[in-house]
Each structure stands twice: as C-alpha cells, then as structure tokens.
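# Examining the three-dimensional arrangement
One letter stands for each residue in the lines below.
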Amino acid sequence: MKVVVTRSGGFAGMRVTWQVVIDNLPDASDWVVLLRELPWDEVADEEPQPDRFVYRIRLEPLADAEPPQAEREATLAEKQLTGPWRELVDKVQDADTPADPPAKPHPSHQHK
Amino acid sequence: MTRGTHSPSHTCRIVPPYLLARIAEVDDPNWQHAAAAARASLLRDDPFRSIRAPEPHPHAPGVRTTTKPGAVANSPQRTVSTAAGVEKLPGKVVRREGDKPSSDVAVNEAYDGLGDTFELYWEAYHRSSIDGNGLPLNATVHYGKNYDNAFWDGERMVFGDGDGQVFNRFTIAVDVIGHELTHGVTEKTVGLQYEGQAGALNESISDVFGSLVAQYAKRQTAAQASWLIGEGLFTAEVQGVALRSMKAPGTAYDDDVLGKDPQPSHMSGYVETTDDNGGVHINSGIPNHAFYLAATAISGNAWERAGQIWYDTLLGGDVPSTATFAVFAAATVAAATARYGADDSATHDVDGAWRAVGVVPAG
Ligand SMILES: [Zn+2]
C-alpha cells in the first residue's frame, strides 16, 4: 500500500507530494490501524479559502498485494486537516524524508 | 538549486484525478463576524481623527460602494500578534497601533505592510480599510513551523516563517501583505468565487493591488516598477527572482527542483487542472498581464488611472461572483468609460490590453 499526500494551493500555488510504501515498514501494523480508522467517507465539502492549502490523500494499492488492497482517496481543505488526518500527513511527511533531509516540507514541488 | 540529494525524480509525479469542484458561497460567515467587529470598532471611542468621506467622483460607478457617508477612520488600526511557531490563532499580541517597533523583524514588516496597504486604499481610492469602514487590521506572524504560506482567514492576515530552504518569511514582501488584504476587499465587493476563471480573477485582483501597494510605497511609475509578486520570498538557493511576474508571466523562476514558473500570459496558455481550485494561482497570469499592459500603455503611476479603473470595476456592480475573464474585461472597459469616457485613450488602452492577452470583452 502506497500512501500519497499531495498539497496544492497556497500563496505560491505550488504542488508538493509526499509518499511512502508502508507494507515493509517495521510499524506497518500501526499504519494499517491509522488508515482503517480515518473517516474517509465523512469529509464534508468545504468552500475554498483564498491561498489556503488543499490536501489530497490517496491510498494506492500495490499490484501484487495479497489479499488485494483497496484504493481510497479524500480531499481536505487545510482547515479540515485535524486529528487522525493530521497525524497521517505528519507521518507521511516524516517517512518520505531523503537521506540528507532538509526541514520538512522538503521541496519536491511540482506543477500540474 | 543545488541542495544535496534532491532531484525532481525523488517523488513520483502523479496526475491528480480530481479535486471536487466546490462552489463558494457568497455569504461567508467569517464576514458576518468581520462586519460585527467593524461595527463594534465604530461604536468605541475612536482614537483617530474622523473626517467626512470624500464625495464620489461624478462619473464614478458608485452602485455597490461600501463606504457610507460620514465619519470613517483615515488611519489604520493595526494589531500584530505572534503564534510563536504553532498553528493557533490569534496568538499573543506583540505590537498595537502606535507602539514602538519590535525587535522582531517579522512583526515590524507586518505592521508596516498593513500600513502601506491601508495607505494605498485610502490615499488613492478613499477607501478606509478592507470594508471601507475602518475595519481594524489584524495580523499574526510566526504561524506554524516551517510554514510556507500566508493567507487571509476573513478576520486576519496570517504569515508563516517559511521553511528556510525554499521560502523565507512571508512578511518579507509588501506586495504579499497587500495581496492578502485585497482578498478581503474582493470578498466585500465582487465576492468572486475562488475557483476556475472567477478564482483566477480573484487571485489577479490581489496581485494587482498587492503590486500597487508596493509601487505606491516606492512612488514608482508603471515603467519603473518591477511588477514582480513575492520578490525576496525565495531563498538564495532558488533560481528565481519572485513567485510571479505580471510583466512577463512564466519567467519569475526556473529552478532545478521547483521547475519553471507555470503562469501563462495569454488565453492560449490557459491551464486546465484540478489542483489549486482550478489553477487559480496559475491562470491569474492572464488578467495580471492585461493589467500590466493597460497600466504601461496608459503610463505614469499605475495606481492612478489603471488602478482606479480596476477599483471602480470592483464597486461597479457589473461583476458577478461567477465572472469569466471576458465578463470581467467588459466590466473594466465599462468602468473606464464611466470614469474617463468612451473615447479616452485610457479606455482604449484597457480594451486593447485584454485583446492582447486573448480575452475579448464580453457583450
Ligand atoms: Zn491569493
């Protein structure tokens, strides 16, 4: 299972992506618990606020996973990034840190 | 940029499947609060000199002006707080109106930027603060940790310190402060939705008046101005001069890691995307460049005729919250006609500027 967090918007309007494959991590079971408890279907529509970030959180199943993994996705306004959602994003950002880490969020900015 | 192991290939590039298209509601409850705050401040003993609001220009469209006749504050009422590195608002007050400068540069930059923004709106357009009614200007600095953003939440300006790798502190550029407060002005006037073309117009209006705040503070003519947005915001490691360029959209940065400034300067480059509420910070390059072309064709100080036309457009009642570029363009031409006449060169310059970026004023 790959967890992908994409942040767009903000004053700069730049897109940043963080991601981590959890299956072989030592704390994989903690991830699974956290992912299962997230309220995926209870994210309310939030009207856009100028220059705030928008977070898209996606679970991408691995092709060869056994049993098959479910694909999930939620889009959250920055204001909605609280509780377990915030915990997840922090975890993904921490896990997706290269060998020579700068301060997070590290600059894997990209467009489109 | 030359930082260590970073390369664009570090992350997988994903085409975003979708972002829910959401329609902003015009009646934002934040504004009810802001309006209440404004009323409360008017009821208190006003420490400022009160003067009569100037009479509207005889040819000015005045249908939707929010400036009521009578006493309005002609100087800002600023309060700067610090969130001290956490994402909590409003934080602790560190500098009130009239207080001596702080030892904290971000506090002083916010304070001064709020003042510069108030000054442009008051001196150039006789608008007293965001609501035209002396709304107190509140800012919070040091929001969050490595927070790469600044925003207006309906009540206050909020500034992050940046991550130090890509971004410096967000108070560093006065046009950023003018940009954020202008989101408040836009919300109070045309109430443009923050999505698609209306959202890109919303963004552009903030860049236009943000740039004019900087130009007015420096008393630069249209020819002298840099027309850059967020100059100084990038650290020295980034290959770029600013976040956006109104003079030459798409040229503000071209960096190994960040990539290239994606802004188009013409409708032929309009970007369809589901990120960023439909690319509002990308497609704003088109109306931004139209303003630049109009202001430089008119020449002189951009805040005078060009800025006045854009400001009149916000108050003129011709811009629906769902406006497209073409509808907004027509409203600027109508505002120029109302103020200067159909045959005035400024009106022709505005019309020509839109056509030059591939936007034909509607109707
Ligand atoms: Zn903005």
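Sequence order as written defines the numbering, with residues in each chain counted from 1. Chains carry letters from A onward and ligands carry numbers from 1 onward, assigned in written order. Under the rules for a predicted model, residues below a pLDDT of 70 receive no local features and side-chain atom pairs below 80 are neither given nor counted, while totals for whole chains, interfaces and linings still include all residues. Each side-chain value is worked out from all heavy atoms of the structure, with water and hydrogens disregarded.

## Digging into the overall build of chain A
- Secondary structure counts use DSSP, requiring at least four H or I residues in a row for a helix and at least two E residues in a row for a strand, with both numbered from the N terminus. When you go through chain A residue by residue, the secondary structure sums to two helices and five strands.
- Listed N to C, the secondary structure of chain A is β-β-α-β-β-α-β in terms of helices and strands.
- Within the span of chain A, comprising 112 residues, buried residues form 56% of the whole.
- The criterion used for residue contact is that any of the two residues' heavy atoms lie within 4.5 Å. Excluding contacts between residues fewer than 6 apart, the proportion of contacts in chain A whose partners are at least 24 apart in sequence is 63%.
- Shrake-Rupley sampling with a 1.4 Å probe provides the accessible areas, and residues are treated as covered by the protein chains on show and by no other component. Entry remark: accessible area of chain A is about 4900 Å², with carbon and sulfur atoms responsible for 48%. The cut-offs for exposure are 20% and 50% of the maximum accessible area for each residue type, with area from a 1.4 Å probe on protein chains only; residues under the lower value are buried, those over the upper are exposed, and the others partly exposed.

## A word on the coordination of the zinc ion
- For Na, K and Ca the donor cutoff is 3.2 Å, while for all other metals N, O and S atoms count as donors only within 2.8 Å; water does not appear among the atoms, so some sites may look incomplete. At 2.0 to 2.3 Å from the zinc ion lie its protein donor atoms, namely Asp51 of chain A (OD), Asp51 of chain A (OD), His179 of chain B (NE2), His183 of chain B (NE2) and Glu203 of chain B (OE). On the criterion of sequence distance, the pair formed by His179 of chain B in helix H3 (residues 174-188) and Glu203 of chain B in helix H4 (residues 196-218) is long-range, its members being 24 residues apart.
- Judged by its relative accessible area of 0%, Glu203 of chain B is buried.

## Some details on the UniProt feature "domain: Peptidase M4" (unreviewed entry) in chain B
- UniProt positions are given in the numbering used here, feature names are shortened, and annotations may be inferred rather than shown by experiment. In this structure's numbering, the residues bearing the UniProt feature "domain: Peptidase M4" (unreviewed entry) are residues 104-187 of chain B.
- Helix makes up 42% of residues 104-187 of chain B and strand 13%. Its end C-alpha atoms lie 31 Å apart.

## Let's talk about the UniProt feature "domain: Peptidase M4 C-terminal" (unreviewed entry) in chain B
- The sites that UniProt annotates as "domain: Peptidase M4 C-terminal" (unreviewed entry) are residues 191-359 of chain B.
- Helix and strand shares over residues 191-359 of chain B are 50% and 5% respectively, and the end C-alpha atoms of the span are 21 Å apart.

## With respect to helix H2 (residues 105-125) of chain B
Residues and elements named next belong to chain B.
- For a helix, the expected span equals 1.5 Å multiplied by the residue count minus one. When the terminal C-alpha atoms of H2 are compared, their 29 Å separation across 21 residues agrees well with the 30 Å that a helix rising 1.5 Å per residue should span.
- Within 3.5 Å is the distance limit for a polar contact, defined as a pair of N or O atoms, with the added protein rule that one can donate a hydrogen and the other accept it, and that residues adjacent in sequence qualify only through two side-chain atoms. Backbone nitrogen of Ala106 and a side-chain oxygen of the N-cap are separated by 3.0 Å at the start of H2; the cap is Asp104.
- With its phi angle positive at about 55°, His126 sits one or two positions after the end of H2.

## Quick word on the pairing of strand E2 (residues 15-21) of chain A
All names here are of chain A.
- Taken across its seven residues, E2 has six buried, putting it largely inside the fold.
- In this structure, strand E1 (residues 2-9) lies alongside E2, joined through six bridges in antiparallel fashion. Residue pairing across strands places Arg7 opposite Val16, the latter belonging to E2.
- Between E1 and E2, which pair antiparallel one after the other, the connecting turn spans five residues, and Gly10 there sits at a positive phi close to 85°. Note on pairing: two strands pair once DSSP finds at least 2 bridges between them.

## Focus on unusual backbone geometry
Residues and elements named next belong to chain B.
- Backbone torsion omega between Leu89 and Pro90 reads 5°, so that peptide bond is classified as cis.
- Mapped onto the fold, Pro90 is located in the loop between strand E3 (78-82) and strand E4 (92-96).
- One non-glycine residue, Ala84, lies in positive phi territory at about 50°.
- On the accessibility criterion, Ala84 (64% relative accessible area) is exposed.
- In this structure, His142 is a non-glycine residue whose phi angle is positive, near 55°.
- As for its placement among the helices and strands, His142 is situated in the loop between strand E5 (137-141) and strand E6 (150-152).
- Accessibility expressed as a relative area gives 18% for His142, which makes it buried.

## Description of the environment of Gln80 of chain A
Residue and element names in this part refer to chain A.
- Within the element layout of this structure, Gln80 appears in the loop between strand E4 (72-77) and helix H2 (83-95).
- Considering only alpha carbons, one finds Gln80 and Ala44, 36 residues apart in sequence, at a separation of 8.8 Å.
- Residues within four places of Gln80 in sequence aside, it is in contact with Val43, Ala44, Glu46, Thr75 and Trp85.
- In terms of polar contacts, Gln80 uses its side chain to reach the backbone amide nitrogen of Ala77, at 2.8 Å.

## Focus: the packing of aromatic side chains
All names here are of chain B.
- Pairing of aromatic side chains requires ring centres within 6.5 Å, counting the rings of Phe and Tyr and the six-membered ring of Trp. Pairs whose planes differ by under 30 degrees are stacked, by over 60 edge-to-face, and all others tilted. For the coordinates displayed, the defined rule picks out 22 aromatic pairs over all chains.
- With centroids separated by 6.3 Å and ring planes inclined at 65°, the aromatic side chains of Trp310 and Phe328 adopt a geometry described as edge-to-face. Here the residue Trp310 occupies a position in helix H7 (residues 305-315), and Phe328 occupies one in helix H8 (residues 325-340), the gap between them amounting to 18 residues.
- The buried category is assigned to Phe328, whose relative accessible area is 1%.

## Some words on the confidence of the model for chain A
- As a per-residue measure, pLDDT tells how confident the predictor is, with possible values from 0 to 100. Across chain A, the average pLDDT comes to 85, with 86% of residues at or above 70.
- Note on residues 98-112 of chain A: pLDDT is under 50 here. Beyond four places in sequence and across chains, it has 60 contacts.

## Topic: the side chain of Asp131 of chain B
All names here are of chain B.
- Looking at where Asp131 falls in the secondary structure, it is placed in the loop between H2 and E5.
- Under the convention used here, Asp and Glu are negative, Lys and Arg are positive, and both His and the chain ends fall outside the count. Put simply, a salt bridge is a Lys or Arg side-chain nitrogen that is within 4 Å of an Asp or Glu carboxyl oxygen. The side chain of Asp131 is buried and forms no salt bridge, while Lys188, the nearest opposite charge, is found at 5.5 Å.
- Looking at Asp131, its side chain comes within polar contact range of the main-chain nitrogen of Asn133, at 2.8 Å.
- Within polar-contact distance, the side chain of Asp131 engages the backbone nitrogen of Gly134 at 3.3 Å.

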